[in-house]
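Survey of secondary and tertiary structure
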Amino acid sequence: MNVLLVALAATTLASASPIALQSNNPAASASLVSHTRRDAPKTNSVNIQLFGWDWDSVAAECTNFIGPAGYGYITVLCSESSHGTYYGGEWWADYQVVSYKLNSARGTREQFKTMVDTCHAAGVLVLTDTIFNHMANLDSRIGVDGSTFTHYNYEGYYQYQDFHHCGLTSNDNINHWEKIPEVQICELSGLADLNTSSTYVQGMVAGHADDLLSLGVDGFRLDAAKQMSVSDLQAIIDTIGDVKPSYMFLEVPVPENGVSDVKPGDYTGIGDVNEFRYALALRKAFRNGDITSLKDLTTKGWLESLSAAVFVTNHDTERSSGVNSMNANAPNNAYELGHIFMLGHDYGVLPTILSSYEGFDEDSDAGPRIMVCAGDCTQEVGWLCQHRWTSVVGMTGFRNAVSASEVNTLCDWVEEGTTRIAFGRGSTGFVAINNDEEAWEAVFTTSLADGVYCNVIDGALSNGVCTNSSITISEGSFSVAISAYWAVAIHTDAMLTSTSTSASVSDSPTLIVSATTSDSASATSTSVSTPGLVAAVSSWATSWAWTSSWASTSTWAETSTWGTTWATTYTDAYTYTTEVEGAAWTSTYTAISGGRLALFLARQTARAVTTAM
């Protein structure tokens, strides 16, 4: 949308959470799939709305973080020139178009082109937040690129006759957002409303789209699409040249009760449509406590999942205050939990993360409008950079993993009261969310394979090691304690690699070797219990040429020399104790060279050395 009061009248949403720690830069691949303008993105489908970033900063961030982290798309603020000031001005000034020259407060046309090319090189597709519906609402001013204009005269583009002058209201402004034709021919708070039924206007707008596509832009978010008829929009798209946008999504907000002459579903022949009712449902669920209502979102009368572009909040909706807010100030981590849910659940396409700044809430126009950060999100005070939050990055990897899997349907649903839910995504991922003031201790059954998985909410799999907590699945279940207003999530792309062995077994028990690392040369131990442990003889070799053998029914010892590179000998003393319900073992490692043991144990843990005994 364009003007705050109108945006808030047309849509209602919100919710929020404390800022999480930013993650390291995980080396995730960005395997984008081809799609037409109507096809929903499949893998690497997470989109970042980089609100207020300048082109050089966007380019740097694509290279340094966005691409490596596995994001597939970015949406950048409309590239048309605006009348706004360079820094510290109103955020909505950027939605007041005065020319199509592509020189804006964010940079020059050449910098824009360089940004697009740089992001493509990082595996990231570029969408622009683009306006076909209107121009500015001022009587006159000089635009950022030096363009002069009056309210209904834009030299080289449009004159008075090229605009709607609806005559349906006293000031030509929209008063009834649910009524056609008023909402599509009257003005949004005085913004000069283009007569998009005119073939001349259609040609001019299509020419602007052609220009953006010629610079490599992949598609558009069409702002204020609700204010244009479907037939006018289709005519504009048909007028675009041979290179069509590969993807589009449209802003078509409707009231919560759905009572409106404008139907979001009518626009899905053009592109996917922002499902504002989804964002409102997340706000209500996480702010009011009942998140069990989010189980089956296909029964609510919304858009079909494959046409619904979903989001927790955008640049308009985060600005509401109090109980309606869904921004980084919302209590009880509601904002972050909402993102975890969105990226984990199977409803919707192109899940979009708003990456914005502090002060952009409570109807305030204050705060910076231009991101100048050289790509590290730390040099400008007040920027939130939600796309770098550990949980958001982790759940982006989760979304990519389940999207790439053929077995990813919603399953294994669990709910406890109204504040706790858990669900699986086939045999690929599992999420548990605790929207309660008390910790949640639970045992979950899952379709994921047995093994050790990194909890991607608080860490990542990096160089074969979980950077924070991990979860062990054994015999199809796992136990976990989830802190208040927090979550856990695991998926197969963050599973520690296992090494199989040959062994004489009883009841096929599985022993997961884990260890506590230390820089000291001695005294690192670990203990585990597993049912049905029996005497066994096994041998294997790791990448460090480590070999081992066991040959006793109760107590045995071994001496092994690993890799000549390390030239270190250590002794393992294993104590085996038979129990009625199972067996326990302890292992004490001693190394000759300080620090080598710690490295070995860390790598052993990272590889999740799994031994059947």
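See the structure above.
Description of the structure in this document.

Cut-off values and rules
Residues numbered from 1 in each chain as written. Predicted model: local features only at pLDDT ≥ 70, side-chain atom pairs only at ≥ 80, totals over all residues. Heavy atoms only, no water. Phe/Tyr/Trp six-rings, centres within 6.5 Å; stacked < 30°, edge-to-face > 60°. Helix = DSSP H or I, 4+ residues; strand = E, 2+ residues; numbered from the N terminus. Buried < 20%, exposed > 50% of the residue type's maximum accessible area, 1.4 Å probe, protein only. Contact = heavy atoms within 4.5 Å.

**Quick word on the packing of aromatic side chains**
- Taken as a whole, this structure holds 24 aromatic pairs when the rule is applied.
- Seen in terms of ring centroids, Trp55 and Phe112 are 5.1 Å apart; in terms of plane orientation they differ by 75°. Their pairing is edge-to-face. Taken together, the residues span a long stretch of sequence, with Trp55 in helix H2 (residues 55-66) and Phe112 in helix H3 (residues 109-121) at a distance of 57 residues.
- By relative accessible area, which is 1% here, Phe112 ends up buried.
- Residues Trp302 and Tyr347 carry aromatic rings whose centres are separated by 5.8 Å and whose planes lie at 70° to one another, so their mutual orientation is edge-to-face. Note that Trp302 is positioned in the loop between helix H7 (276-288) and strand S12 (308-311) and Tyr347 in the loop between helix H8 (334-344) and strand S13 (349-355), a separation of 45 residues in sequence. Tyr347 shares its class with Trp302; the two are buried.
- Through a chain of ring-to-ring contacts, the aromatic side chains of Tyr100, Phe149, Tyr152, Tyr154, Tyr157, Tyr158, Tyr160, Phe163 and Tyr200 assemble into a single cluster.

**A closer look at the side chain of Thr75**
- When you line up the elements, Thr75 lands in strand S2 (residues 73-76).
- The residues contacting Thr75, other than those within four sequence positions of it, are Asn47, Ile48, Gln49, Leu50, Leu127, Thr128, Asp129, Arg221 and Phe249.

**Side note on the environment of Gly258**
- If you trace the backbone, Gly258 turns up in the loop between strand S10 (247-250) and strand S11 (272-274).
- Considered as a pair, Gly258 and Arg277 are 19 residues apart in the sequence and their alpha carbons are 8.7 Å apart.
- Leaving out residues up to four positions away in the same chain, Gly258 has contacts with Lys263 and Arg277.

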